[in-house]
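# A closer look at the structure
So the chains spell out like this:
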Amino acid sequence: MRNKLGLNLNIKPQQKLIITPQMRLSLSVLQMNISDILLEINSTLQSNPLLEESYDIKNIDYKKNKNEIYYSNLGDFNYKGVKTSYSKNDGENEYNYENFVSSKQSLEEHLLFQLNISGLKGSCKEIAEYIIGNLDDNGFFKLDISSVAQYFKVSEDEVVRILRIVQDFDPPGIASRNLKECILNQLGELNISQKILKDIEKIIDLYESNPYLRESDIIEKLNLTDSYYNYLKNIINKADPKPGLSFGEQIKYIYPDVFIYKINNKLHVAINNKDIPPIRINNYYKKLVKQDNIDEKTKEYIAEKIKNAEWFIKSLYQRDDALVKVTKAIVDYQKDFFIKGFEYLKPMKLKDIAKISGLHESTVSRVVSGKYASTMYGVIELKMFFKKGFKTSDGSFSVDRVKELIKNIVKSEPSNDPYSDSTISSMLTEYGLKIARRTVAKYREELNIPSKKYRRKERSSNECKNNC
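Structural notes, computed from the coordinates. (Residues numbered from 1 in each chain as written. Predicted model: local features only at pLDDT ≥ 70, side-chain atom pairs only at ≥ 80, totals over all residues. Heavy atoms only, no water.)

The secondary structure content of the protein chain amounts to 19 helices and ten strands. Restricting to contacts in the protein chain with at least 6 residues of sequence separation, those with at least 24 account for 68%. (Helix = DSSP H or I, 4+ residues; strand = E, 2+ residues; numbered from the N terminus. Contact = heavy atoms within 4.5 Å.)

As structure tokens, then:
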């Protein structure tokens, strides 16, 4: 008999990712830096009465207690072969923790550090330092480009080129010349279409021409719908109009999560658990839950708290394990930097470290987020080691070096027959670089180099003037 309502029951296999509470806890702990970990441990100790601090762990024979789970920073305690302690190295190169537990980092210091690893040298670096030194409190560069060019005896295009390099530094929007450039530079890093960016630019232009203009007037002038305008406004609100203020007079406390140190030209990695208390599950409750003379509700409560404690401790170990693996992978990849200095920092991507460490890219991203390493060059944020660039069979090219190659290719091109972006892309293959035409076009625009058509026009016009 046919179903009159037309209802059918179909069984269809489907794959679906379900994030369990254990996974959620593990991912959360993985992203925590040492300060967050300390707060989380203190909070968990208060909420879970079965967890307790224990300072006698180094007297425990781990092999005889393989079913016990401990989190310790004492001695050389190991968990599944992972060192979770920071220990002094036979009296050599001892670290004075008080030297770097806190730092009042200014915007200028933050930018100069990025400049040191940008690859800029000579007069280019001097111009960048000048730009950084002349930012206002909001992080804007208000000096006239022509005056800077005259001071350094270079072209205005060269000053703009270096300014754009500084504008790529963190925080997003830094060194912008006006509000529109600040917002568009930040939104340019997001996956937003050119049409939407142009509409946003029109809104900002209207606002800057008349700050007291009503929203209804903007909607009418640009012929926008209310919903589309609100959508654009929400995107604009994602940008910070004053990126420099986050580095005001506030004191930023930095606690290194790992130590990277050198002994006899050999690099070592040690995790920092100096102020983190060792914790364990209270043995009394572990015995109590096995007894038959307690009621079922109490037994369920204790069992649940034990399970939560085990998840938490395991998450702490997994975090330490991943942090050590990622840091060691960074040290291996950037060995020349740690041995020889800043100019040897190589382009590096998440997938490079994922491949070395054996972890997924998303895990590597979570591990480096907000964490710092104490190195021979000072305390450095782990994500700062990830520098954009291109790999070749002969080594690696930074983005700045690729831009310099494009600049030189354009300088040497025939005046009557300029190279197209596709031709430049092909010429870069001589250096072992495989760069798409659209990427060449992007870098060319950032260098303030006109397109092939306008370069030919410009040169023809100059030749005409000279002949006349």
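Here the narrative resumes, following the displayed structure.
Within the fold, isoleucine 37 resides in helix α2 (residues 34–47). By relative accessible area, isoleucine 37 is classed as buried at 1%. (Buried < 20%, exposed > 50% of the residue type's maximum accessible area, 1.4 Å probe, protein only.)

A word on unusual backbone geometry. At the junction of aspartate 170 and proline 171, the peptide bond is cis and its omega measures out at 5° in the coordinates. Tracing the chain through its elements places proline 171 in the loop between α6 (156–167) and α7 (179–187). Despite not being glycine, asparagine 223 shows a phi value in the positive range, around 55°. By the secondary structure assignment, asparagine 223 is in the loop between α9 (215–221) and α10 (226–236). Accessibility expressed as a relative area gives 71% for asparagine 223, which makes it exposed. Residue asparagine 264 is not a glycine yet carries a positive backbone phi of 55°. As for its placement among the helices and strands, asparagine 264 is situated in the loop between β4 (258–263) and β5 (266–271). For asparagine 264, a relative accessible area of 67% corresponds to the exposed category.

The strand order across the open sheet formed by four strands is β5-β4-β7-β8, and the pairing between neighbours is mixed. In the strand order of this sheet, the two ends are held by β5 and β8 (378–381), each with one partner. Neighbour to neighbour, the strand axes of the sheet diverge by 25° on average, direction disregarded. Sheet topology note: the β4/β5 ladder contains six bridges and is antiparallel. Across the sheet, valine 258 pairs through a bridge with isoleucine 271, a residue of β5. The strands that helix α12 (residues 296–333) touches are β4 and β5; relative to β5, the one it contacts most, it runs at about 160°. (Pairing = 2+ DSSP bridges. Axes fitted to C-alpha atoms, helices over the stretch in contact; angles between N-to-C directions.)

Over the atoms a probe the size of a water molecule is rolled, and this reveals where empty space is left. Of the volumes computed, that of the largest pocket is approximately 2,100 Å³. Around the largest pocket, the lining comprises 42 residues; the ones closest to its centre are Asp168, Glu189, Lys388, Lys442 and Glu446. For the lining of the largest pocket, the element with the highest residue contribution is helix α18 (residues 437–446), accounting for six residues. In terms of residue class, the lining of the largest pocket is made up of 14 nonpolar, ten polar and 18 charged. (1 Å grid on protein atoms, 1.4 Å probe; cavity = no way out; pocket = protein on both sides within 12 Å on 5 of 7 lines; lining within 4 Å. Points joined across faces, edges and corners; volume = space filled by probe spheres on them. Nonpolar A, V, L, I, M, F, W, Y, C, P; charged D, E, K, R; others polar.)

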